[in-house]
Amino acid sequence: MAKKKNNEENINKNAEEATSFEYKEAVTEEVKDETQQKYDALNSQYLRLQADFDNYKKRNQSLSLQRYNDGVDSVIEDMLQVADFLDMAIMAQKDEAQRKGIELTKKTFMDILAKYNVSAIEAMEQEFNPNLHEAVQSVDDPDNAGKVVGEIKKGYKRGDTVLRHSMVVVAK
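Predicted model only: the values in this text are computed from it and were never measured.

Things to note about the overall build of the protein chain
Inference 1: Within the protein chain, the regular secondary structure consists of two helices and six strands.
Inference 2: Reading the protein chain from its N end, one meets helices and strands in the order α-α-β-β-β-β-β-β.
Inference 3: A fraction of 59% describes how many contacts in the protein chain between residues 6 or more apart in sequence connect residues 24 or more apart.
Inference 4: Split by element, the accessible area of the protein chain, about 13400 Å² in all, is 53% carbon and sulfur.

Some thoughts on the sheet that holds strand β6 (residues 166-171)
Inference 1: Read across the open sheet, the three strands follow the order β2-β6-β3; overall the sheet is mixed. Each having just a single partner strand, β2 (133-139) and β3 (148-153) make up the two edges of the open sheet. Sheet twist, expressed as the mean angle between neighbouring strand axes with direction ignored, is 30°.
Inference 2: With six bridges connecting them, β2 and β6 associate as parallel partners. What sits directly across from Val139, in β6, is Ala171.

Considering the sheet that holds strand β4 (residues 156-158)
Inference 1: Read across the sheet, three strands follow the order β1-β4-β5 without closing on themselves; strand pairing throughout is antiparallel. Bordering the open sheet on either side are β1 (118-120) and β5 (161-164), each of which pairs with just one other strand. When strand polarity is set aside, the average angle formed by the axes of neighbouring strands in this sheet is 35°.
Inference 2: Where β1 and β4 come together, three bridges link them in antiparallel fashion. Residue Ser119 lies in a different strand from β4, and its bridge partner there is Lys157.

What counts as what
- Residue indices follow the written sequence of each chain, beginning from 1 at its first position.
- It should be noted that, the model being predicted, local features are given only for residues of pLDDT at least 70 and side-chain atom pairs only at 80 or more, the latter also being counted only at that level, while totals for whole chains, interfaces and linings use all residues.
- Water and hydrogen atoms were dropped before computing side-chain values, which therefore reflect all heavy atoms in the structure.
- Put simply, DSSP H or I for four residues or longer makes a helix, DSSP E for two residues or longer makes a strand, and each gets a number counted from the N terminus.
- Two residues qualify as a contact provided that any one of their heavy atoms is within 4.5 Å of a heavy atom in the partner residue.
- Reported accessibility uses the Shrake-Rupley method at a 1.4 Å probe radius. Residues are deemed covered only where the shown protein chains occlude them.
- The pairing criterion for strands is at least two bridges between them, as found by DSSP.
- As a rule, the C-alpha atoms of each element are fitted with a line to give its axis, helices using only the stretch in contact, and angles between N-to-C directions run from 0 to 180 degrees.

This is the structure in structure tokens:
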């Protein structure tokens, strides 16, 4: 009888252990699933933050370059007055030797601007282009209708950016 009682106790004990083991296994699976969900959510959040940061860096880099170019353009626009003054000095100079000196100075100045990709806008005898030219006067000339027939003030561009439109006379 004592043996039978021991067997029953062992069976009950084994059943409790089995139930406890199954319970622990179920809880472990539940915790594992919960942990995986938290990991997936955090990983997704991390990836979104990483993408946002990469976009921020690209946007900042682009803005920095744009601000730099805007600053350079602004300084060059101010310097274009020097080119205008040199042109006026060349036209007003009667002495040939002095004229040559001013022309050399202007050429040197324009070479420096060319290093920054600045070039004059060709206007004379070109088709009028409102993106490059500013019409300040018109004249009747049916043979050259729509073309630039005079240039009052030279225009300049830096790359594809117009720094100053050419002030022109257009035939109609």
